[in-house]
Every structure is written in structure tokens, then in C-alpha cells.
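# An overview of the molecular structure
Now for the letters of each chain:
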Amino acid sequence: MFQGRMNAFIILASLSTFGCGGGGGGGGGKEPVVVPPPIEPPVEEPISYDGLRSDAALDTENIAKFVDLIFDGDSTINPLENLISPQFYATAAVAINEPIDCTYGSAVLSGSLDDTNLLGTVTATFDECYQDGLILSGLFEMTIEEIDPALLQPTDFTIRYDNLSISTGNSDLKTIFGTQVVRGEGSCDASETINIIVDDLNPDNSYMLENMVIRHQCDENSKDYLSLERRSFSGAIYIASLGKVTLNGQDLLFAVDIYDARLSRGVTDFLVEGELTISNSSATAIFTGRQDEDEIEIPDRYFIHVLFDQHNDGVYQIDASVPSSWLVTQGMMDMSDGDNDGMWRGWEVFYSLDPSVNDASEDPDKDGFTNYQEFITFYSPNSKHWHPGGWLRARSDRVLDKVLAANETSSNEIYLDGKLDQAFIANIETLDVMFELGTFGGNWQFESTFNCQLIEDTENIGDILNCFDIPSSLFSDLQDNLPIVKLTVTAGNDLDLACPYVSLLTSVDLDIESNLLCYSFAGKLLAPALGSPSKAYLFSELDEQAMRYPIYLTDQNYIFAFPETVTVSGQLVENSAGIDLLGVDGDTEFRSPDCELIDAERFQCSGGYADVRALELSYLPATQVGTATIRWEITAQFAEGYTRSSTTERVLAFGLPSIELQELIDSAIVDNEPSLDLPSGNYIGPLSVSGDLSLNGGAGTILWLTKAQPGSTLSTSYSFETQNAITVQNMTFHVADTPLVMSGGILHHNTFYDVGFDTEKFVVVDSATYQDFTANANHFHFIETNIEESQFYYHRAAIEAEANYDSEGCECYLTNNLVEDLGVGLSFFDDNSYQPSANSSIIANNTLINVDHLLNHYIRDGSHFLIVNNLYYRDSELPSAKLLNLTINSNDDYSKYVDFRSNLVSDLDALYINQNILLLPTVTEDMLIDELLTEQAIDAGEDMSELFNSDIMGRNRPIGAGFDIGAYERQQ
């Protein structure tokens, strides 16, 4: 009742909104209103009270009735709270006579207000008025004596209740008489004085407040997320069937509108500091809130110390600390124990136990703790997951990431802090601590005074360290810095991240906070990579003046260890375009690399990483259509003594506009030609094919795909696009930021190169119009990748299938293709179809070198793939990858959707081992192609002659006893 602003009959109008100017309290509200000290009650005619006026004979049972009246209140009256809104007074006439809405019955709002200052009296008269489930009769009157002119909010007013009856119609009639005088409402120093009677048909529920004075003050320690308020109480409380007690408490600190999950009522106010006394001549109860400053923001750690002296003789029948939530929970403070089982009657009733039966040793929720153990530790006997425990925290002396190079070691002590409940310790004598060390390319060692055991990874979930039989009694008092184990980690060659995760193994649940200790492994340090892409220029538009090629380097480690010195060397290895090198230097005056042009074909720059990370190569332009290929070698020297190098080739192409090819294509379509032989040469720009046509490249038909037609301001949204099922064969494509977009059709014997980091995919199949697509005997050559960007930001694919919601997905046949990558982020086939094809897609006899995923697909009902005779090789020093990256329902079986067999792979999940072949560790990349094909692949594949009968080179299959695995059929 007295929480915040007496949440019962004393707040019948929203005008009595006590608080401190908003949720932030303190300085968060308006300026304090100057008010006088709490006022004396006005002289009034005495109100009639028929209950006991003598001091109540308090005991451990009936004290709960007074506590409930103070802290829980009479919620059935709250619907009247918003009967009259403050905004009404801003627009009301001098004379008021307005009806109040009632479902049935009637009510009238009447009165008179001064038209200049809005002061006066308003009366609500009810006659069997039904509102929101309540029946109201009688009179409610408010006299406004002072108003805040800015907010139009009354600050000083008196409320009078005259025979105001409230009922739900179920024999629960309450009648209210008396007054409530308010001063300084809405300020940081407000008070209310109450003289009021609530008459109930049940005398246990009838009571009177006499000269009850409550003062509210803001607290300067309030925060945006925690509202605090100072309150003082004095006055008398009478319960008709029991008698009188006196309430007293000065300068009490309350936390306002706090949510506690243990309460079904939502938010409430908690006493967190100060002493509140309920007393009379026979007995005294003292409730003291004593919260540590660092716990005042944690409702679970709000506690009240309860002292109850039933005879005022200095002997306490109750001397206990209980959660503050008990104080505001109806009936919980019934501290009697009629069945002598050591548990309060109020607690047993609240949790639906039998207060007349000794059931202290029972465990109805089967959580391993008896009712008594849960009572003394303030948990629920009805919840298996809420029981005695406490808290533990795992931590280390080094919390931030530690970057380790290959073979570097680091040691760290792991500690446990915490405190456990006595009931937990009595029931759980020992704890086992488990450290999940994760999977990575290094190894762990440990030292410990406890019984610990390291279990090496056997199920691809990482190493596990178990430490057994740690006595829980070590945490009976607050424990800091209990050393559990000293972990030593040695980094491997992989780029990786390892975070030991700590959990507890006990016979019951116990949560543990884990302050993770993470190591980042730079692993095999890599040299910076060349970030500049290949370039294509329209030969007819070249300047005679010197041209510039920007050179910039990119970091290749996601946890990057910067090299001390870097050397960038370049050499012309092919120059059919006839360019002349002029020199190389830093891109700005702020860089000072040491650069020299060694001869007409070679140059070199060296210096610190900052000096050489952005350079410019100058050269005279081409003398003819052609290309200039530069091989770059970048060597990095690290402080740890490591030297690392990377080698990359970039092409400068000088060609003809693709409009020359476009004109040939458009003419062939107009003439209904079935095929078109394209001329040799370097062509630059986009292409569009608007009809059925077979495009046949010549001995050197090379297309550098761009969105913009060189020599034109027109920019397209594509680089190569067709809405028809066409055939494209014997061509070379250099692909930048936009792929070939095809609607089904055939790709045969083409070569694809990426031009740099912007290349995300080579081919996109949009099967909204045509579902059949074949890619046979193509070479997809990703010459560049960036570990940082590709692994964590981009998903790259050689071929990607797309379809809208209304059409079937791609029925794709991917055969005899060679895909080469540098090992990070590439899928051979990425199937993004919304609806699967009616028939299987077939992926057969492809050779994949250092590709991440053979297939990437979100499995949908009806999806089906036949994956057979593929050769999948991945360098053992590359980060691990999933051969089949399938998103599938956890209760489903991949074999319903993927027929995966007779494949020769170097990285094989145990899931697939029975139907496939594992590459021997002695196999090298050179042994996967043509004449050097590893013996494991020869004649080991299944017969696919119904689908195709040649290999990537156009040679017959099979040669020998059966199909070879992979794209090549070895000649014998």
C-alpha cells in the first residue's frame, strides 16, 4: 500500500502521482517545488470505525496482515486511479456538470473551479456505476489548493471519500471514508497525510489509517536505469479484527519500479536501506534493508533483515535475513511454523506445500535439494532449474587476445572465483571443471595441483581438459583467485582462433560465468598480397604519354603481424603489346621506398611496409593490340625471423571494343544463323545475346568483361547477359565485378580468369526461363584471393544457380571442369534456387584444387544431387573447409538429398568415408592433372558414358578398364 505512493485507495486519482520527477529520479526531473514540512492533519469531524482500537496481539502469523497492508496494498481499488486527469482542469468551465461513462448505472462529475487559477473543488458522485469490472457508489471529492501553472498539474490538494463503495458483485463490498491531504505533488520533497477507513464485509480486511504521514524525497544517487527515492513514515494502522500498531521509519531508501522475475506482479519498489518498525505496547517488528553499494543494482541481492520480538522483552522469535521480494509478496511474511518443519507457513503456502505436514525432507521438484534446503537458500521447491547454487567465475590473468606466430607458446593461469550456498555444499561435495579448448592447428599442455586429464580431439569437437574432485567447500566463503590449472598453448601453422570455454560438471545444474581467454594464431605468416587488379584499355584511345599502373598491397592475415621490411619485385614475362617500363616510385610524397628500374623488363622496390604498400608503375603505352603480363614477387621479413613470399601475375590488356563482336552477334540473330564463329583478338566491354545462337571462339578470342562499353558513356547493368539458352565455347573470359549471366544453355571448353579481388563469381545461371544448364570441360582459374576479405566478408563461386519463387531451380550438369583456387572462400557450385528442379543436378568428373566447397546449398524438400567421380584436393596447410556445405534440418539425413560416391578427396568427413576414396598424403598438386594423374584416380570411377564420353581435353572416355576420377582421362 505504501510503496511509492500508496498504491491503494489513497491514489484514486492520477493527481496523486507521487515520485521524483521521472524515472531517473534526483536530478532527472523538474526543479524542486518549495513546500512546507509535513502538515498536521486538518481538524475534521471524527470518522466512524467499528473495529478494535486496542493494541494488536502481534504474533509470527498475524504480523503478515500488517506487512501485506503496508507493502502489497488493495489492488481492487486501483481502477479509479485515472478517474480524473490533470488535463481536465486546463479546459474545464467554471461550473462543471459532466456525466461519467458507466456501462450501466450512472455517475456525475460536478464542482466549481476558479477561471483564473483553476483552484476549487471537483466531486464525482456514483450510483451503481459499473466500470471495468467494478460497481461504484458514493462520493469522491478533490479540492485543489495549488497548481503548477506550467504543467497544469495540481501540487497541493485534499481528497475526501464519503461512503464510496466498491464491489465486483461477488460479496466483496468495500466502503471507504476519510481524507488524504497532499502537499508538493510531483516535486522532490512531497508529503501526504492520511486519515481513512476501509470497511469490508470481512473484519480481517477492514482497517483504518490514522494520522499517517508519508514523505517522499528524491535521492541524488539515482541513475537513468535505477530510480531511488527517500521515504519517511509515521502513523497508526488498525485492522478491525486485530487492533492497532504504529508504523515508523525515517529516511528510508527505496529502489523504485524494479522488476524481479521471482514476483508474479511485475515491477515493485524495494526497501534497500534503513529501518522500518511496526510496533505497539506488546510487540515489535523491525525490517532493515542493508544493501552493499555494488549490489544496489541487482534485485536478486536485495535482502531484508527481520527482527520480531513478540513480547517486547528483548528476546527475538525471528532473527533472519530474507529476500526483499518476500516483503512485497502477499502472505509471505507469515513466519509461523505450525508443523515444526523449520519452514515459514507463508513460504509453504506461496509454493503450494502443505503447512500442516512436516515435509522438510521432501524434494517434489526432483532437483536434488530438499524443501528445507530450498527454503533456507530462498529458492523454489517447485522448479528443477531454480535451486541452491551460488556463483562461480572463471578468469585468467590475461583476458585480451594474444597473437601467436607458428610454434610460439604462451602460458596462462586459470582461476575460479565465487561463493556457493551452504545447502549446495552440503549436497554437492565436489565439482568437476571442464575446459573446452576448441579445434585448431596447435596443441595444449597443462599443470595443476588437482586431478586433471587432457582428452585429445577424437570427434572433431576439439581437445577437452577435465579437472576432477574440486571440493565445493573451498567456496563456502567468498573465494578469490583459486588456481585451477596452468594452460600452455603452442600455435600451429593455421590462421585460427582458440578460446577455452569453461563449464562445470555437477549432479545438478550450476551456472558459471566464463571470462574467456582467447588466443589468436597468426599461424603461418604470409607476405602481403598484390591488391591491384589486371587492367584492360581500349587501344584506340591510348595516350602517347606515359601511363600509370597503381600498385597497392593487402594484408593476408586476419590477425596481421606486420613485417619489418617488404620487397616488391616485378618482371615482364610476356609483352605482345610492346609496352616500355619507365620506372616505379611511391604513390605520394610521404612514402619513401627504395626503388630502381633494373633493366627494360625488371624493377624492384623495398622498405618498410608503410613505404611500399602503395606504389605506382609508369610505362609507355602499347604499340599494338595485345597484352603485357607482369609477374610480381612480394617478400616480407618479419621480426620473428620469418621470411615469407607471394607471387602473382597481373595482365595489362590493350584491345578492341566489344561493340565489334556485338554487331556480329546482332547480325547473326537477325539472319537466323544457328552459330557464329567469332574472330580472334582482345575485346573489351559487355556483350548481350538476344536470340538462340551458338558462339564459337577462335584460336584466341579473349573477352575482357566490363559493364561499360569503352568509348561510350553508356553503362549497363551486365557484362555478359542472355535470356536465351545459348552455347558458348572455346573462349577466354577475364571477369571483374559482374559475371556471365545465362538462362540455361551450354558452356563448353572455355577458360575463365579473375582480374583481382573484385571477382566474386564467374557464371550465374538464372533458370527462371530455361532449367537445363551444362558446364563441361571449362577451366576456372582464380589466380587471386585475399584471406581476410574472402574468408570473412565475401562468398565466392565459380558457378551460381538462381531462380525465383515461381520457377523450378537449375537442372545443372557440371562435368569435366577444372577449378583452381588459392584456398579461401570459393565454392565450385553455389545453388541458391528457391525451388529444386524436378530432376537431379549432376556434378561429375571435375577436378577441384584448393577449393573450399564442392557444393554450397540450402537443402529444400525435393533437392537432389548426384556427386560422383570428382577429384577434390586441398593443401594440408590451408584452413579447414567443408567439402559439402549443406544447410539442413538437424533431424534430417543428408543422404536423402545428396548421392555422394566414388569421389577421390583429400579432406574427408567420416560421414562420407564408406562410399568414397581418401587421397594418399603423398599426392601433390602436380599429380592431379593429365599425364601425371595419381594412380588412385585411374579406372576408379563409375561409368558415366550415358551422360558424356570425353574428358576436359576432348579425349575419349574411358581409356582402360573404367572412367578415371577427375576431369582428365589418363592416356595409356
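Bear in mind the structure is a predicted one, so any value in this text is a computation, not a measurement. Residue indices follow the written sequence of each chain, beginning from 1 at its first position. A pLDDT threshold of at least 70 governs which residues receive local features in this predicted model, and a stricter bar of 80 or more applies before side-chain atom pairs are shown or counted, although totals over entire chains, interfaces and linings include all residues. Water and hydrogen atoms play no part in the side-chain values, which are based on all heavy atoms of the structure.

### Digging into the overall build of the chain
Put simply, the rule reads: Secondary structure elements follow DSSP: runs of H or I of four or more residues count as helices, runs of E of two or more count as strands, with numbering from the N terminus. For the exposure calls, accessible area comes from a 1.4 Å probe over protein chains only, and a residue counts as buried if that area is under 20% of its type's maximum, exposed if over 50%, partly exposed in between. Any two residues whose heavy atoms approach within 4.5 Å are treated as being in contact. Accessible surface is estimated by sampling points in the Shrake-Rupley manner with a 1.4 Å probe; for residues, cover comes only from the protein chains shown.
Looking only at helices and strands, the chain features 9 helices and 63 strands. The buried share among the 972 residues of the chain stands at 53%. The contacts in the chain between residues at least 6 apart in sequence include a share of 62% that link residues at least 24 apart. A total accessible area of about 41,800 Å² is found for the chain, and carbon and sulfur atoms account for 46% of it.

### Thoughts on the state of the cysteines
Disulfide: a covalent bond formed between the sulfur atoms of two cysteine residues. As a reminder of what qualifies: Cysteine sulfur atoms that come within 2.5 Å of each other are treated as a disulfide pair.
Per the stated rule, a full pass over the model turns up 4 disulfides. Between the sulfur of Cys-102 and that of Cys-129 lies a disulfide, 2.0 Å long from S to S. Since a negative S-S torsion denotes a left-handed disulfide, the Cys-102-Cys-129 link at about -100° is left-handed. Here Cys-102, found in the loop between strand 1 (95–99) and strand 2 (106–113), pairs with Cys-129, found in strand 3 (residues 120–131); they are 27 residues apart in sequence, far enough to count as distant. Across a sulfur-sulfur distance of 2.2 Å, Cys-188 and Cys-218 are joined as a disulfide pair. When the S-S torsion is -80°, as for the bridge of Cys-188 with Cys-218, the disulfide is left-handed. In this pair, Cys-188 is assigned in the loop between strand 6 (174–183) and strand 7 (189–200) and Cys-218 in strand 8 (residues 207–218), connecting sequence segments 30 residues apart. Taken individually, Cys-188 and Cys-218 each receive the classification buried, so the pair is uniform in this respect.

### Focus on the pattern of salt bridges
What counts, and what does not: The salt bridge criterion pairs a side-chain nitrogen of Lys or Arg with a carboxyl oxygen of Asp or Glu, the two atoms within 4 Å.
Overall, the coordinates contain 21 salt bridges when judged by the stated rule. Across the salt bridge formed by Arg-230 and Asp-251, the nearest N and O atoms sit 3.9 Å from each other. On the criterion of sequence distance, the pair formed by Arg-230 in strand 9 (residues 227–239) and Asp-251 in strand 10 (residues 243–259) is long-range, its members being 21 residues apart. The class for Arg-230 is buried, based on a relative accessible area of 16%. The salt bridge involving Arg-231 is made with Asp-269; its shortest N-O contact spans 2.9 Å.

### Considering the confidence of the model for the chain
Low pLDDT marks stretches whose predicted atomic positions should not be read closely. What counts, and what does not: pLDDT: the predictor's confidence for each residue, scored from 0 to 100.
Per-residue confidence for the chain averages 79 on the pLDDT scale, and 77% of its residues sit at or above 70. Below pLDDT 50 for its whole length, residues 1–46 participates in 151 contacts with residues either more than four positions away or in separate chains. Within the model, pLDDT remains below 50 along residues 73–94, and this stretch shows 66 contacts once partners closer than five positions in the same chain are excluded.

### A short note on the sheet that holds strand 29 (residues 547–554)
Basically, it comes down to this: Any two strands with at least two DSSP bridges between them are considered paired.
The antiparallel open sheet is built from 4 strands, whose spatial order is 27-29-34-31. Lying at the two open borders of the sheet, with one neighbouring strand each, are strand 27 (529–530) and strand 31 (580–586). Here strand 31 pairs with strand 34 (residues 614–620) via 6 bridges, running antiparallel. Among the inter-strand pairings, Leu-581 is bridged to a residue of strand 34, identified as Tyr-619.

### Here's the deal with the pairing of strand 60 (residues 884–887)
Going residue by residue along strand 60, you find Leu-884 and Leu-886 tucked away on one face and Asn-885 and Thr-887 left uncovered on the opposite face. Examined bridge by bridge, strand 57 (residues 853–858) and strand 60 share 4 bridges and lie parallel to one another. In the sheet register, Asn-856 faces strand 60, and the bridge partner there is Asn-885.

### Quick look at the side chain of Ser-534
Our working definition: For this analysis, a polar contact is any N or O atom pair within 3.5 Å, provided that within protein one partner can donate a hydrogen and the other can accept it, and provided that sequence-adjacent residues contribute only side-chain to side-chain pairs.
As for its position among the elements, Ser-534 is in the loop between strand 27 and strand 28 (535–538). Owing to a relative accessible area of 10%, Ser-534 belongs among the buried residues under this scheme. At 3.0 Å, the side chain of Ser-534 and the backbone nitrogen of Val-651 are in polar contact. Apart from residues no more than four positions distant in its own chain, Ser-534 is found in contact with Tyr-549, Arg-650, Val-651, Trp-704 and Val-755.

### Remarks on the sheet that holds strand 57
Rule in force here: Axes here mean lines fitted to C-alpha atoms, for a helix over just the part in contact, with angles spanning 0 to 180 degrees between N-to-C directions.
Reading across the sheet, the 8 strands line up as 39-42-45-48-51-54-57-60 and stay open at both edges, with parallel pairing between neighbours. Of all the strands in the sheet, the pair left with one neighbour each is strand 39 (687–689) and strand 60. For this sheet the average axis-to-axis angle between neighbouring strands, irrespective of direction, equals 10°. Across 2 bridges, the pairing between strand 42 (residues 720–722) and strand 45 (residues 740–742) is parallel.

### Digging into helix 1 (residues 63–71)
Helix 1 sits mainly inside the fold: 8 of its 9 residues count as buried. Within the sequence span of helix 1, burial applies to Ile-63, Ala-64, Phe-66, Val-67, Asp-68, Leu-69, Ile-70 and Phe-71. The secondary structure elements touched by the buried residues of helix 1 are strand 8, strand 9, strand 10, strand 11 (267–279), strand 12 (284–290) and helix 3 (324–327).

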